[in-house]
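Secondary and tertiary structure notes
Listed below, chain by chain, are the residues.
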Amino acid sequence: MNAVRQPGALDALRFDNAFVRALPADPDPGNQRRQVFGACYSRVQPTPVRAPALVAHSAECAALLGLDERACLSPVFTEVFAGNRLLPGMDPYAMCYGGHQFGNWAGQLGDGRAINLGEVLNARGERWTLQLKGAGPTPYSRTADGLAVLRSSVREFLCSEAMHHLGVPTTRALSLITTGEQVMRDMFYDGHAKFEPGAVVCRVAPSFVRFGNFEILAARKEIDLLRRLVDYCIATDYPHLGPPSRDTYVAWLAEVASRTAVMIAHWLRVGFVHGVMNTDNMSILGLTIDYGPYGWLEDFDPDWTPNTTDAQGRRYRYGQQAQIGMWNLVRLANAIYPLIEDVPALESALDAYATRYESEWQAMLAAKLGLQALTDDADRELAEELMSVLRLAETDMTIFFRALAAVPCAADASLDELALLAPLRAASYAPDTLPDAQRSRHLAWMGRWRARVQRDGSPDAQRAARMNGANPKYVLRNYLAQEAIDLAEQGDFSRVNELLDVLRRPYDEQPARERYAAKRPEWARHRAGCSMLSCSS
Ligand code: AMP
Ligand code: MG
């Protein structure tokens with residue numbers, strides 16, 4: 001007889017491992033590095049660690065799985081999500097994928113340090129794959145160790161949850177656990193390797209399939225398998241598109257394109273720069289995935305990239321993310337071409353990207369500016385002029401938009417110059433020496449903007465609330481993450497948990513927590529981890 005399972009407990013998790021059931025496994029059970037042909041994944045066990053300790057967990061993510069607080073704080077939870085113990089029904093594996101990295105085909109990559117534990121079906125019938133990142137080598141680890149350090153794991157854990165609360169499509173993070181082991185890293189690839197604390201994050205998403213999972217099969221001309229993977233993805237994650245057919249495949253590409261467009265428009269809205277938009281880091285569900293050397297725009301500089309590896313070409317800079325999304329989708333379209341063999345059909349599916357991106361971004365810009373919509377060229381020019389004004393000197397994007405919301409626009413509110421300059425001064429990194437051009441163009445812009453807002457006719461309070469719902473007050477500023485990391489590396493996890501909590505309500509005023517909405521301090525301007533990040537993690 002089965003033991004009675006306490007709802008909310010770990011042993012109540014119901015696993016249904018559709019991916020491994022539906023698709024072929026690598027027949028080699030060994031864990032040596034290799035090229036894997038004719039398979040979508042390799043079974044592999046997480047490597048046990050010496051002394052796992054829970055740093056933080058996300059109660060909201062746990063709730064998706066049906067886990068309660070008691071379960072998350074139990075010793076078994078830490079053991080399981082450090083990779084030391086499997087629950088009945090788990091069937092761990094690493095996925096085979098390839099990818100275009102910085103514009104070039106890179107061949108087989110695969111889950112080199114990610115191990116999927118299994119797929120949970122929750123009480124609502126939702127499917128959630130659990131994936132450990134940093135739980136040891138897999139056949140796809142190539143020359144690396146399969147591990148992750150605390151620094152990058154704090155960043156992934158916090159940002160995944162922060163993005164969710166911002167309303168940006170993203171993979172989630174259930175837990176952050178230190179392993180009690182040391183991991184060697186050369187942070188800037190400059191010969192200064194040192195030991196850092198190891199950590200494992202458990203990520204959660206309906207699926208972790210990437211564009212690269214399809215690309216590797218196409219590159220190897222494993223077309224039957226490519227078709228099986230596409231059919232699987234549609235049946236599992238896009239069931240509304242109907243049974244497999246050429247038309248279904250085309251409709252699927254259009255929907256992937258559309259979801260990717262929505263995701264990237266949100267990135268621009270909140271000031272997020274992914275940093276490594278290689279096709280192996282593009283989710284087939286349009287979720288933000290693989291939080292590596294990402295960063296948040298503080299100074300509004302569309303050319304900014306946080307990734308030192310990308311410092312030369314700045315391929316993945318803030319202002320180019322939408323174009324890169326399209327470039328990546330073309331790679332996906334090429335990969336599935338053998339199933340469709342109809343270039344015009346694929347091209348028209350890809351048109352969904354530009355159309356959806358434009359409509360989302362225009363709507364988001366309108367909301368950021370407190371307008372119902374950008375209705376004509378004059379409106380679009382108004383938005384563009386603001387972007388130009390913000391660029392004239394170092395100006396904090398997040399602070400600017402919050403301060404703008406607070407400016408009265410009612411026809412009877414006459415404001416003096418100081419009041420009109422308030423948003424710019426609040427956001428400026430040198431408020432007492434605003435360049436004349438920025439000051440005068442800002443004042444002219446404020447006049448136009450206030451008149452335009454008046455034409456919309458919403459009362460100030462209502463408009464401000466709408467703006468504040470599109471312009472977050474709290475984002476994971478680069479230096480905030482670094483402060484939490486510095487403390488965590490000393491064994492103090494309080495700041496990680498405090499940030500997790502602040503970022504639960506990014507659009508709300510949290511008066512006791514103003515410090516987490518503050519401009520980047522001077523010390524962070526050139527500090528590693530704050531202004532520049534490498535892929536070493
Ligand atoms: P990324 O740039 O982090 O998306 O990683 C690109 C590829 O390198 C993926 O196949 C990763 O699994 C792999 N990779 C990154 N770091 C490691 C590591 N420490 N050990 C093994 N594989 C890794
Ligand atoms: Mg990756």
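Each residue is numbered by its place in its chain's sequence as written, counting from 1. Here chains are named by letter from A upward and ligands by number from 1 upward, in the order in which they appear as written. Only residues with pLDDT of at least 70 are given local features in this predicted model, and only at 80 or more are side-chain atom pairs given and counted; all residues enter the totals for whole chains, interfaces and linings. The side-chain values count all of the structure's non-hydrogen atoms but skip hydrogen atoms and water molecules.

Details of the domain arrangement of the chain
The condition is simple: Boundaries of every domain are those given by an automatic assignment or by a domain database. Here a residue-residue contact requires only that any non-hydrogen atoms of the pair lie within 4.5 Å. A quick way to say it: buried area is the sum, across both parts, of accessible area lost when two parts are put together, with a 1.4 Å probe.
Segmenting the chain into domains produces domain 1 (10–211), domain 2 (246–368) and domain 3 (377–457). On a C-alpha basis, the centres of domain 2 and domain 3 stand 29 Å from each other. Facing the 15 residues of domain 2 at the interface are 13 residues of domain 3. Across the domain 2/domain 3 interface, buried area totals approximately 1,100 Å², and carbon plus sulfur atoms make up 64% of it. The largest contributions to the domain 2 side of the interface with domain 3 come from Asp299, Phe300 and Lys368, which together make up 51% of the buried area.

So, helix α4 (residues 75–82)
Note on helix geometry: an α-helix contains 3.6 residues per turn, so any two residues three or four positions apart are oriented the same way. Worth spelling out the cut-off: Burial status follows relative accessibility: with a 1.4 Å probe on protein chains alone, a residue under 20% of its type maximum counts as buried, one over 50% as exposed, and anything between as partly exposed. Numbering of helices and strands runs from the N terminus, with a helix taken as a DSSP run of H or I at least four residues long and a strand as a DSSP run of E at least two residues long.
When α4 is considered as a whole, its buried residues turn out to be Phe77, Thr78, Val80, Phe81 and Ala82. Contacts from the buried residues of α4 go to β2 (53–57), α3 (69–72), β6 (114–121), β7 (127–133), β8 (172–185) and β9 (194–205).

What about the environment of Ala235?
Considering the arrangement of structural elements, one finds Ala235 in helix α7 (residues 223–237). The class of Ala235 is exposed, set by a relative accessible area of 53%. A sequence separation of 61 residues divides Ala235 from Trp296, and the C-alpha atoms of the two residues are 36 Å apart.

A few points about the site of ligand 1
Here is the rule we go by: A cutoff of 4 Å decides nearness: a residue is near a molecule or strand if any of its heavy atoms lies inside that distance of it. Here a polar contact is recorded for every N or O atom pair within 3.5 Å, except that within protein the pair must consist of a potential hydrogen donor and a potential acceptor, and residues adjacent in sequence are included only if both atoms are side-chain atoms. Per-residue accessibility takes into account occlusion by the displayed protein chains alone, with areas from the Shrake-Rupley method and a 1.4 Å probe. Three classes are used, and their members are as follows: Ala, Val, Leu, Ile, Met, Phe, Trp, Tyr, Cys and Pro are nonpolar, Asp, Glu, Lys and Arg are charged, and the others, Gly among them, are polar.
Taken together, the neighbourhood of ligand 1 is formed by 17 residues, with Gly110, Gly112, Arg142, Gly146 and Asn281 sitting nearest. Gly146 has a polar backbone atom sitting 2.7 Å from a nitrogen atom of ligand 1. In the environment of ligand 1, a nitrogen atom lies 3.4 Å from a nitrogen or oxygen atom belonging to the side chain of Arg185. In isolation ligand 1 exposes 480 Å². Once the protein is present, 82% of that is buried. When grouped by side-chain class, the residues that make up the shell around ligand 1 number four nonpolar, six polar and seven charged. Of the residues that make up the shell around ligand 1, three or more belong to each of domain 1 (10–211) and domain 2 (246–368).

So, the coordination of the magnesium ion (ligand 2)
Applicable threshold: A 2.8 Å cut-off from the metal defines N, O and S donors, relaxed to 3.2 Å for Na, K and Ca; water is not in the atom list, so some sites may appear incomplete.
The coordination sphere of the magnesium ion (ligand 2) contains the protein donors Asn281 (OD1) and Asp290 (OD), at a distance range of 2.0 to 2.2 Å. Accessibility classification places Asn281 together with Asp290 in one group, the buried group.

Details of the side chain of Ser428
Tracing the chain through its elements places Ser428 in the loop between α13 (417–427) and α14 (436–456). According to the relative accessible area criterion, Ser428 is buried, its value standing at 2%. A distance of 2.9 Å separates a polar atom in the side chain of Ser428 from the backbone nitrogen of Ala430. What Ser428 contacts, discounting residues up to four positions off in sequence, is Glu394, Thr395, Leu434 and Lys519.

Description of the packing of aromatic side chains
The description of an aromatic ring pair uses the distance of the two centres, along with the angle that the planes make with each other. Put simply, the rule is: Aromatic rings from Phe, Tyr and Trp, taking only the six-membered ring of Trp, are treated as a pair when their centres fall within 6.5 Å; an angle between ring planes under 30 degrees marks them as stacked, one over 60 as edge-to-face, and anything in between as tilted.
Enumeration according to the criterion identifies 18 aromatic pairs in this entry. When the ring of Phe19 is compared with that of Tyr232, the centres are 5.6 Å apart and the planes differ by 80 degrees; the resulting orientation is edge-to-face. In this pair, Phe19 sits in helix α1 (residues 18–22) while Tyr232 sits in helix α7, placing the two residues 213 residues apart along the sequence. Overall, the relative accessible area of 3% leaves Phe19 in the buried class. Seen from their ring centres, Trp267 and Phe272 are 5.5 Å apart, and the 65 degrees between their planes marks the pair as edge-to-face.

Structural notes on α13
Here is the rule: For this quantity, the arc is that covered by the directions from the helix axis to the C-beta atoms.
Within the span of α13, buried status applies to Leu420, Leu421, Pro423, Leu424 and Ala427. Looking down the long axis of α13, one finds its buried residues gathered within 135 degrees of arc, a one-sided arrangement. Against the buried residues of α13 lie α12 (397–405) and α14.

Some thoughts on the pattern of salt bridges
Put simply, the test is: In what follows, salt bridge is the name for a side-chain nitrogen of Lys or Arg lying within 4 Å of a carboxyl oxygen of Asp or Glu.
A full pass over the atoms with the stated rule returns 42 salt bridges. A salt bridge links Arg495 to Glu483, with the nearest nitrogen and oxygen atoms 3.2 Å apart. In this pair, Arg495 is assigned in helix α17 (residues 494–502) and Glu483 in helix α16 (residues 478–489), connecting sequence segments 12 residues apart. Each member of the pair, Arg495 as well as Glu483, carries the same accessibility label: buried. The network of salt bridges with shared partners includes Glu60, Glu498, Asp501, Arg504 and Arg513.

Some details on the side chain of Thr129
Position of Thr129 among the secondary structure elements: in strand β7. The class of Thr129 is buried, set by a relative accessible area of 4%. Those residues in contact with Thr129, other than ones at most four positions away along the chain, are Tyr93, Asn116, Gly118, Glu119, Arg203, Val204, Ala205, Pro206, Ser207 and Phe208.

Concerning the pairing of strand β4 (residues 98–101)
Applicable threshold: DSSP calls a pair of strands paired once it identifies at least 2 bridges connecting them.
Across three bridges, the pairing between β4 and strand β5 (residues 104–108) is antiparallel. Among the inter-strand pairings, Gly98 is bridged to a residue of β5, identified as Gln108. Adjacent in sequence and paired antiparallel, β4 and β5 are bridged by two residues, among which Phe102 carries a positive phi angle near 50 degrees.

Remarks on the nonpolar core
Test applied: We define a nonpolar core as any set of buried Ala, Val, Leu, Ile, Met, Phe, Trp, Tyr and Cys residues linked to one another through side-chain atoms lying within 4.5 Å.
Counting residues in hydrophobic clusters, the biggest one holds 171 residues, and the most contacted among them are Phe81, Phe214 and Trp449. With residues near it in sequence (within four places) discarded, Phe214 still touches Val209, Leu226, Leu229, Val230, Cys233, Trp252, Ile284, Leu332 and Ala335.

Considerations on the packing of helix α5 (residues 150–166) against α17
To describe two helices that pack against each other, one gives the angle between their axes and the distance between the axes. Where we set the bar: Axis definition: a line fit to C-alpha positions, over the contact stretch in the case of helices; interaxial angles, taken between N-to-C directions, run 0 to 180 degrees. An angle counts as roughly parallel when it lies under 35 degrees, as roughly antiparallel when it exceeds 145, as roughly perpendicular when it falls between 65 and 115, and as oblique in every other case. For a crossing to be left-handed, the near helix must be turned anticlockwise from the far one by less than a right angle; the clockwise case is right-handed.
In contact at an axis separation of 9 Å, α5 and α17 are set at 20 degrees when each is read in the N-to-C sense. In terms of axis orientation, α5 runs roughly parallel to α17. Note on packing geometry: the crossing formed by α5 with α17 is right-handed. Of the residues in α17, those in contact with Val154, Phe157, Leu158 and Glu161 of α5 are Val496, Leu499 and Leu500.

Details of the packing of α16 against α17
Packing of α16 against α17 brings their axes to within 7 Å, and their N-to-C directions diverge by 150 degrees. It follows from the interaxial angle that α16 and α17 lie roughly antiparallel. Listed contacts from α17 to Leu480, Ala481, Glu483, Ala484, Leu487 and Ala488 of α16 are Arg495, Val496 and Leu499. Considered class by class, the residues forming the contact of α16 with α17 number seven nonpolar, no polar and two charged.

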